[in-house]
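One letter stands for each residue in the lines below.
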Amino acid sequence: MTNYFWFGVFPYISLVVFFLATIRRYRTESFSYSSLSSQFLENEQHFWASVPFHYGILTVLGGHILAFLCPQMILGWNAVAARLIALEVTGLAVAILTLVGLINIVIRRLRFPKARRVTTAGDWFIYGGLLVQVVTGIGISINHGWGSSWFATSLTPWLWTLVKFNPDVSYITPMPLMVKAHIINAFLIILVFPFTRLVHILVVPNPYLWRKTQVVIWNWDRNRIRKSN
Amino acid sequence: MDVRSQVSMVFHLDKCIGCHTCSVACKNVWTDREGTDYMWWNNVETKPGTGYPTRWEDQDAYKGGWVSDGKELSLRSTSKSKLVPNIFHNPAQPSMDDYYEPWTYRYEDLFNAPEGDDQPTAKPVSMVTGEYIDIEAGPNWDDDLGGSEIYAKNDINMEDLSPEQRQQMLSIERMAFFYLPRICNHCLNPACVASCPSGALYKRGEDGIVLVNQDVCRAWRSCIPACPYKKTYYNWSTGKSEKCILCFPRLESGQAPACMHSCVGRIRYLGNVLYDADRIAEMALLPDDQLVEAQREMILDPFDPKVIAAAKANGISDGIIQSAQKSPVYKFLKVWKIALPLHVEYRTFPMLFYVPPLLPVMSMTQGDVVKNDLDELFADIDKHRAPMAYLGKMFTGGNIGKLRYALRKQVAVRVWRRHVTVGDIDEIKARQALAEADTTPDEATAIYKLSALAGFEERFVVPPFQREMAIEMLEDPHEYRANAGFGSRTSPKRS
């Protein structure tokens, strides 16, 4: 029953809150949709914290999404032992990079009074959540090897049963505790996502790359006036 | 021809007394909030000096403005290709230490201190952390050079001077300095706007004021290194960029901006000019020493029937065209050609202009005796205390000819007025001085009048802003009337 709640119900609660709250916050508090960068207040340790963390976590997340969307591809790649080992080692290395970045972030926020000044309770909560997530992730990678393969065979089908609104928790029930903790914590992070600085992920500036260089806003309709002449 | 109107300004540096009244007026109106405490949208610098933020003109360090290879223009800080890999840590971003850490004093300690042998003191505390700090820098730390030659020595504009000129500018007793008030230049080719990943910065079409949409700004901070004048600031409390808004709420109700209105020396002039936006892209590619002329060419004659027709075709109203015809900026900039842009070589085409200062040698010390050097009342500008190469680096992109023209004309106006009022310069000599400076008695009188006598209405020709048109486009005018006049309707809070 507990399993059913955490892996059959909780993900839905988390996702519903995620969607409704992000949309509501964007519509009513667009002003607060950013990460509140503290680089201006502390500019040296920032590099060693922010850069490894972001590159690390984006790669790790990319791996998880790939295993969710194309499990057959991962399994095919892993069919050769050398490739499987290469993938596992890369994954672990990137996870450690993420952890180093995250620890640097926490140390930086604690050590520099100016950076501490702009760190909210929500920030500490999310740093705690991410630390648990990355540490359990690394723990799984070390203790329960070949995760890329068993993710694709056991977790991906479970995730797809969630997508199809017919959750089948039997995939999860036999999983070790650390994996369960990793999954529950993941959905916890998704749950609190809309209330934290994480929303900055949703406003990455992609239009910049193809918009016009200069932005001019008119208070009259130039096209209409030019055509009427 | 794409004719647009721009609200523009002239600073007459010869009249600036460096009193910082403008800075204080601006601070009181706009930047007295948490997170903006270190910002000075308007600041006044002593030149030669390092300015605020420290050495802001050193673009090798701050990476502001544009670079041109003759064919293409690119941002020195974050071009599109450099933005993506650097998005997590902006390598060119200045930090608070480059400006200063804002502080206040614990005044309550003066009252709460227990009785003792010592006088109680109000210790300085940081306005960021609230902890005690040692004050190490301030927004005008090098004011009047602070009795040290360090500030002048570190002025980037001194680079091209000969060792003798350098020595002359550095010797404290003979130091030549002047004041440089600076606000956002509301450029024609703004680097801040071009660099904004979110598209939050924009230039208002109707008056050219450059603004940041606070709801769209996402704290990527690209505008801060991109602006070569360092006039976009990061609000560390809200995580938004803020900058000089040219007091648009005041302008829209027909008032002069706070900095200008409060100016004690009456050094500031405001008016709109018409310009041709089609030519910005090609003009920005020209070599440094041609940029002053290029920018002047883009500013159009508001009396030319062709320009008027093109302006109307673009939706510019008669009221705006008429005010462009009365603009004092147009006279200083285009008719008399004595106003120059600040660091035009950054290629943003700043739209605030400076009448460069005359720094004549009036007296000299010989031994212990001060000798008035009045054999020649208005000495040749090359003998002035600020070397041409220094002023040229600041105001003309190294084009000494343009600078010399502006200064020589100013000297000629003085010669002419001396002839008219005192009479110890004879007419032939005075007329000769005018002719050499490419001017006439009428023009000299006009320059004198606008520089020295002009009243408020002549100095500030605020164009009609026609907010009614803007409001009608955005919402129902009746509804608008029931709402707040301007600004955010919701409190700009972060959850």
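Please refer to the structure higher up on the page.
In this report, the structure presented in the accompanying data block is examined. A quick note: this is a predicted structure, and the numbers were derived from the prediction, not measured. (Residues numbered from 1 in each chain as written. Chains lettered and ligands numbered in written order. Predicted model: local features only at pLDDT ≥ 70, side-chain atom pairs only at ≥ 80, totals over all residues.)

Here we look at the environment of I321 of chain B
Residue and element names in this part refer to chain B. The test is simple: Strands here are runs of E lasting at least two residues and helices are runs of H or I lasting at least four, both read from the DSSP assignment and numbered beginning at the N terminus. Contact criterion: two residues are in contact if their C-beta atoms, reconstructed from the backbone, are within 7 Å.
Of note, I321 is situated in helix α15 (residues 318-325). Distance from I321 to F303, taken between C-alpha atoms, is 8.7 Å for residues 18 residues apart in sequence. Sequence-distant contacts of I321, that is, excluding residues within four places in its chain, are made with P302, I308, A311 and I316.

Considerations on the sheet that holds strand β8 (residues 201-204) of chain B
Inclusion rule: Strand pairing is assigned whenever DSSP identifies at least 2 bridges connecting the two strands.
Reading across the sheet, the three strands line up as β1(A)-β8(B)-β9(B) and stay open at both edges, with mixed pairing between neighbours. Each having just a single partner strand, β1 (216-217) of chain A together with β9 (210-212) of chain B make up the two edges of the open sheet. As defined by bridge partners, β8 of chain B adjoins β9 of chain B across three bridges and the pair is classed as antiparallel. The partner of Y202 of chain B across the bridge, within β9 of chain B, is L211 of chain B.

A few points about the nonpolar core
For clarity, the threshold we go by: Nonpolar cores are built from buried Ala, Val, Leu, Ile, Met, Phe, Trp, Tyr and Cys residues. These are joined into a set through C-beta atoms within 7 Å. Put simply, a residue is buried when 20 or more other C-beta atoms lie within 10 Å of its own C-beta and exposed when 12 or fewer do; between those, it is partly exposed, and each C-beta is set from the backbone.
If you look at the biggest cluster of nonpolar residues, it comprises 130 residues, and the most contacted ones within it are V10, C192, V329, F332, A339, F353 and A412 of chain B. Broken down by element, the residue count for this core peaks at eight residues, all from helix α18 (residues 400-421) of chain B. Core analysis: the second largest hydrophobic core is formed by nine residues, F53, A95, L99 and I105 of chain A among them.

Looking at the interface of chain B and chain A
Going by this rule: In this classification, the charged set is Asp, Glu, Lys and Arg, the nonpolar set is Ala, Val, Leu, Ile, Met, Phe, Trp, Tyr, Cys and Pro, and all remaining amino acids, among them Gly, are polar.
Contact residues are listed per partner, giving 40 residues for chain B and 42 residues for chain A. Contributing elements (two or more residues each) for the side of chain B that touches chain A: α3 (80-83), α8 (191-195), β8 and α22 (467-474) of chain B. No other element matches β8 of chain B, which puts four residues into the side of chain B that touches chain A. Counted by class, the side of chain B that touches chain A contains 18 nonpolar, 13 polar and nine charged residues.

What to know about unusual backbone geometry
Residues and elements named next belong to chain B. Cis peptide bonds are those with omega within 30 degrees of zero, and the linkage from K47 to P48 qualifies with 0°. Of note, P48 is situated in the loop between β2 (43-47) and α2 (59-62). Residue Y52 is joined to P53 through a cis peptide bond whose omega torsion reads -5°. Of note, the phi angle at K337 is positive, near 60°, even though the residue is not glycine.

Focus: the pairing of strand β7 (residues 178-182) of chain B
All names here are of chain B. Where burial is concerned, most of β7 is hidden: five out of the five residues are buried. Residues F178, L180 and R182 of β7 are buried on one face, and the alternating residues Y179 and P181, pointing to the opposite face, are buried as well. Direction of pairing for β2 relative to β7: antiparallel, over a ladder of five bridges. Counted as the bridge partner of K47 is F178 from β7.

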